[in-house]
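Per-entry structural report
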Amino acid sequence: MTTTATETASENEKSAAWDLIGSLFWESGRTTAKPSDEEIGLFMDGIGAGDTCTVVGASTKDLVEALIARGAEVTVLDFSARMCDDLRAALPAGSCRVLRHDITRPAPEDLRGTQQFVLNDRLVNRFSETEARRGVEGMLDLLADGGRLHTSIKLGLYPMDERMIAVGRERGCLERFYDADAKIVDFAAAGDVLTDALLPHGAIDSATLLQWYRGRGREQRFDHDDIVALLDAADVAGRTLALLATTPFGQAPSTRMYTAEARPARQDG
Ligand code: SAM
């Protein structure tokens, strides 16, 4: 199937939420939402000059810059037009490719099976259950056989989830926006609970912040076993992912980087 970036981006309505944020994320957002220098070091493990690397998420600008400085051949994919534009404007011209693409869709034709590394920081935390499965398969689709996925994930609930759950319980409306069995938080359905539980995100103004959360809609929360199962279930035309390592992010509570390797389809018979 041929997939154009514009087609795929327009199908995911969550991209509008990120169009509200763009460069505000790295200019004014909470520092702890971005990878620290130590965490960037973990992402960069094993990457050398000339290696083909795709970062999914234009907001992860510091990692993109570190890869460029290392001499890697960097592509950035993001489904938000503003995120792509703001990152292009912030980087030296020609230093990397920035393409509009929704990772929950099949990889762009010219990138499929080509990348030695695919990297993303806490991107999986922005996905619903269906998006998580498709997103990991979109990442696998980019990787060459033997290529590595470095994906960091926050396990469990965020402090703001906990506040929303407490307020929802108090007001007897928790079921409206939180499914405890599926571990799904639906920011779009939380109404006043979201407004009243909102925590600051650096210096981003609260009106923008509220709209951003509402537009993010349904997000799944994970434990370690969920991630192991998610990686294990990934299958793109018989190609799979093998989990190699799980590395704690020292400074970020309950956050780990999962390293997985793309394995070729089995030749039966
Ligand atoms: N902690 C992260 C950081 O340091 O940038 C932020 C989380 S995640 C990487 C956010 C980025 O992913 C945003 O730029 C957003 O537009 C992008 N994004 C979210 N969902 C996406 C999707 N389905 N396809 C492509 N990009 C996506």
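Residues numbered from 1 in each chain as written. Predicted model: local features only at pLDDT ≥ 70, side-chain atom pairs only at ≥ 80, totals over all residues. Heavy atoms only, no water.

The tally for this structure, following the rule as stated, stands at 20 salt bridges. The partner of D226 in a salt bridge is K183, with the nearest N and O atoms 2.7 Å apart. Within this pair, whereas D226 is found in helix α11 (residues 224-233), its partner K183 is found in the loop between β6 (178-179) and β7 (184-186), the two being separated by 43 residues in sequence. By relative accessible area, which is 23% here, K183 ends up partly exposed. E219 is the salt-bridge partner of R221, the closest N and O atoms lying 3.0 Å from each other. Each member of the pair, R221 as well as E219, is classed as buried. Linked through salt bridges whose partners overlap, the residues forming this network are R126, D161, R216, E219 and R221. (Salt bridge = Lys/Arg side-chain N within 4 Å of Asp/Glu carboxyl O. Helix = DSSP H or I, 4+ residues; strand = E, 2+ residues; numbered from the N terminus. Buried < 20%, exposed > 50% of the residue type's maximum accessible area, 1.4 Å probe, protein only.)

On to the layout of surface pockets, then. There is about 1000 Å³ of room inside the largest pocket. Lining the largest pocket are 49 residues; nearest its centre among them are F25, A33, R122, R126 and Y158. Residues of the lining of the largest pocket, tallied by class, amount to 20 nonpolar, 13 polar and 16 charged. Each of two domains, domain 1 (15-155 + 222-263) and domain 2 (159-220), supplies a minimum of three residues to the lining of the largest pocket. (1 Å grid on protein atoms, 1.4 Å probe; cavity = no way out; pocket = protein on both sides within 12 Å on 5 of 7 lines; lining within 4 Å. Points joined across faces, edges and corners; volume = space filled by probe spheres on them. Nonpolar A, V, L, I, M, F, W, Y, C, P; charged D, E, K, R; others polar. Domains from an automatic or database assignment.)

Assigned domains within the protein chain: domain 1 (15-155 + 222-263) and domain 2 (159-220). Relative to domain 2, the C-alpha centre of domain 1 lies at a distance of 25 Å. At the junction of the two partners, domain 1 supplies 20 residues and domain 2 supplies 15 residues. Here domain 1 packs against domain 2, burying approximately 1600 Å² in sum over the two surfaces, 58% of which is carbon and sulfur. (Contact = heavy atoms within 4.5 Å. Buried area = accessible area lost by both parts, 1.4 Å probe.)

Lining the immediate surroundings of the ligand are 22 residues, of which A33, S59, T60, D78 and D121 lie closest. Take S59: an N or O atom from its side chain is 2.5 Å from an oxygen atom of the ligand. At 2.6 Å, a side-chain N or O of D78 approaches an oxygen atom of the ligand. A molecule is said to occupy a pocket when more than half its atoms come within 2 Å of that pocket's grid points, and by this definition the ligand occupies the largest pocket. (Near = heavy atom within 4 Å. Polar contact = N/O pair within 3.5 Å; in protein donor to acceptor, adjacent residues only side chain to side chain. Sits in = over half its atoms within 2 Å of the grid points.)

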